[in-house]
Amino acid sequence: MLETVSTPTRSTPFSPPMIFSGLLAAFLAFLIAFHPAYYVLPLTAAVLVLGSLAFAARRSLWRPLDREDGYCLAVLALFTALWCLDVARTGKWPVGEENQGLYLPLWPLVAAVVWLGWRRWPPAVSALWYGVAAGSLIAGGIAAYERWGLGLGRASNGINAIPFGNLSLLLATLTMVAFLARRGRVRNAREWLIRGFFLLAVVAGLAASVLSGTRGSWIVFPVLLWLLYVAFWDSLPARKVVPVVVALAVVVIGASLVPKAGVQERVAEAVENLEEYAEGDTYSSVGVRLEMWRAGARLFSEKPVLGWGEGRLEDQRDQWVAKGLYNRGISRYDQLHNDLIDTAARRGLVGLISLLLLYGVPIVLFARHLRRRKDIQGRALAVSGLIVVVAFIGFGLTQSLLRDVRGLSGFLGMLTACWCLLKATPGGGGKGAQA
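All figures in this text were calculated on a predicted structure; none of them were measured in a lab.

Caption draft 1: Looking closely at the side chain of asparagine 157. Looking at the secondary structure, you find asparagine 157 in the loop between helix 6 (125-149) and helix 7 (161-180). Within the structure, the side chain of asparagine 157 is placed 3.1 Å from the backbone oxygen of alanine 33, a separation counted as a polar contact. The residues touching asparagine 157, leaving out its near neighbours within four places in the chain, are Ile32, Ala33, His35, Ile142, Glu146 and Phe164.

Caption draft 2: Spatial organisation of a nonpolar patch on the surface. Judged by side-chain polarity, Leu78, Leu349, Ile353 and Leu357 come together as a nonpolar surface patch covering roughly 310 Å² of accessible area. One can find isoleucine 353 in helix 14 (residues 339-372).

Caption draft 3: Layout of helix 4 (residues 67-90). Here helix 4 spans 35 Å end to end across 24 residues, near enough to the 34 Å set by a 1.5 Å rise per residue. Here helix 4 starts with a cap whose side-chain oxygen sits 3.2 Å from the backbone nitrogen of glutamate 68, and that cap is aspartate 66. Downstream of helix 4 by a residue or two, glycine 91 has a phi angle that is positive, lying close to 75°.

Caption draft 4: Region of interest: unusual backbone geometry. Backbone geometry places asparagine 157, a non-glycine residue, at a positive phi of 55°. Residue histidine 337 is not a glycine yet carries a positive backbone phi of 60°. If you trace the backbone, histidine 337 turns up in the loop between helix 13 (312-322) and helix 14. Judged by relative accessible area, histidine 337 falls into the buried class, the value being 6%.

Caption draft 5: Examining the packing of helix 14 against helix 15 (residues 376-395) more closely. Relative orientation of the contacting elements helix 14 and helix 15 amounts to 155°, with a least axis distance of 8 Å. Between helix 14 and helix 15, the angle falls in the class roughly antiparallel. Here helix 14 and helix 15 pass one another in a crossing that is left-handed. Counting all contacts with helix 14, which are made through Tyr359, Pro362, Ile363, Phe366, Ala367, His369 and Leu370, the residues of helix 15 involved are Arg379, Leu381, Ala382, Val383, Gly385, Leu386, Val389, Val390, Phe392 and Ile393. Of the residues assigned to the contact of helix 14 with helix 15, the class counts are 14 nonpolar, two polar and one charged.

Caption draft 6: Fine view of the state of the cysteines. Taken as a whole and assessed by the stated rule, the structure comprises zero disulfides. In this structure cysteine 418 is a free cysteine whose sulfur lies 9.7 Å from that of cysteine 420, the closest cysteine sulfur available.

Caption draft 7: Structural view of the packing of aromatic side chains. This model, assessed by the stated rule, comprises 15 aromatic pairs. Plain terms: the ring middles of tyrosine 38 and tyrosine 39 are 5.0 Å apart, the flat faces sit at 70° to each other, and that makes the pair edge-to-face. Ring centres of phenylalanine 79 and tryptophan 83 lie 5.7 Å apart, and the angle between their planes is 75°; this geometry places the pair in the edge-to-face category. On the criterion of helical spacing, the pair formed by phenylalanine 79 and tryptophan 83 is a turn pair, its members being four residues apart in helix 4. Accessibility assignment for this pair places phenylalanine 79 and tryptophan 83 in one class, buried. A network of ring pairs unites the aromatic residues Tyr359, Phe392, Phe395 and Phe411 as a single cluster. Here lysine 303 stacks its cationic end above the ring of tryptophan 308, 4.2 Å away from the centre of that ring.

Caption draft 8: Representation of the packing of helix 14 against helix 16 (residues 405-424). Two numbers describe how helix 14 lies on helix 16: the axes approach to 12 Å, and their chain directions differ by 30°. Considered as vectors, helix 14 and helix 16 are oriented roughly parallel to each other. For the crossing formed where helix 14 meets helix 16, the hand is left-handed. Side by side, helix 14 and helix 16 meet where Leu358, Pro362, Leu365, Phe366 and His369 of the first sit next to Phe411, Leu415, Cys418, Trp419, Leu422 and Lys423 of the second. Considering only residue class, the contact of helix 14 with helix 16 consists of nine nonpolar, one polar and one charged.

Caption draft 9: Up close: the confidence of the model for the chain. On average, residues of the chain score 85 in pLDDT, and 80% of them reach the 70 mark or higher. Within the model, pLDDT remains below 50 along residues 1-11, and this stretch shows 20 contacts once partners closer than five positions in the same chain are excluded. Counting interchain partners and residues more than four positions distant, the pLDDT-below-50 stretch residues 431-435 has 24 contacts.

Basis of the calculations
- Residues numbered from 1 in each chain as written.
- Predicted model: local features only at pLDDT ≥ 70, side-chain atom pairs only at ≥ 80, totals over all residues.
- Heavy atoms only, no water.
- Helix = DSSP H or I, 4+ residues; strand = E, 2+ residues; numbered from the N terminus.
- Polar contact = N/O pair within 3.5 Å; in protein donor to acceptor, adjacent residues only side chain to side chain.
- Contact = heavy atoms within 4.5 Å.
- Patch = residues over 30% accessible without salt bridge, like charges linked within 9 Å, V, L, I, M, F, W, Y side chains within 5 Å.
- Areas by Shrake-Rupley, 256 points an atom, 1.4 Å probe, with all protein chains shown as cover.
- Salt bridge = Lys/Arg side-chain N within 4 Å of Asp/Glu carboxyl O.
- Expected span 1.5 Å × (residues − 1).
- Buried < 20%, exposed > 50% of the residue type's maximum accessible area, 1.4 Å probe, protein only.
- Axes fitted to C-alpha atoms, helices over the stretch in contact; angles between N-to-C directions.
- Parallel < 35°, antiparallel > 145°, perpendicular 65-115°, else oblique.
- Left-handed = near helix turned anticlockwise from the far one by under 90°.
- Nonpolar A, V, L, I, M, F, W, Y, C, P; charged D, E, K, R; others polar.
- Disulfide = S-S within 2.5 Å.
- Phe/Tyr/Trp six-rings, centres within 6.5 Å; stacked < 30°, edge-to-face > 60°.
- Lys NZ or Arg CZ within 6 Å of the ring centre and 35° of its normal.
- pLDDT = per-residue confidence, 0-100.

In structure tokens form, the structure reads like this:
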């Protein structure tokens, strides 16, 4: 009954799958290009899901979730519940830049609502691939204009340069997956045009990350390339893999050597900062970050179970700063520039466990699907999910990206999309999705 009723909806322009496909593609394309996209599009999707599910429930069209969905949704619920309880006990919400982080603890709930709808009406897989490619291409254009047109020191599109660079790199990596997933397609003019579009988008996204001067993304990139190798090594001949790897290396290294790119200066600055910190100078960029981590470790050690809580962390940190125990520069920030340290200091071991589950459960499930799936589309979606989670773990080592509005929205949105599309493929445990 589910199949006979749901199949025709895909052929109508305003059916839930078509609408959700458009919203997914727009979200990925404009996440870092259009400032309100991080909340306008997810909230729109959540409202439409609630309406669609209410209508479906009246007609007995609800599709039950499976155990794997239950694990993921339980992790989302735990993470947001602990964060909201932390807000309740302290009476303070996260602030974020320009007060944009006010409702961050509620975003996992929005993701859970969209999750329910997309498991029932999955978007088209092409919405994911073309969305990340468009986002990567737009990011590259913005970065090139800001660095070489406006002469800015770091490309950022008016937001923090760190999430701009991190998300650009992630979009570019997912576009690589889109390119590799097209293996086996008929070689015609249209196919070559699509592959060329994806490759151009990969180059643009990587260039955007380089021009943003975001050093944390460069550290995790080799790990993401290794995941790509694990997913596709047995389906791509070496004569095709090697040229792609060489081309990527040439792009990244070449962009790094361009004088106006600023990469060499950023690397030299990091080395110099480490030397200065070893000599007792804590006023450099790296020195201030290390001071934040040192303060975070002490905060956690003093309240290891439940942590200090929203707002109280900053208050205690600033008291120590006033006593001269830490660099005054760390008081400029509302986070500790490391997701693990910040969460542990703020919500203690309980909060840290919820974060590790938020990372760990999807990793285990995506890895399980990657091991057992033999079809190229299933493997592509499984490795995409792994790439999203692993990337955010890496990004979170030098920046509390899950306390950034676009960081958290991007993580939850991409995670939801990769999972729901994977489950919708043949062999994924759900009904088929459009290719």
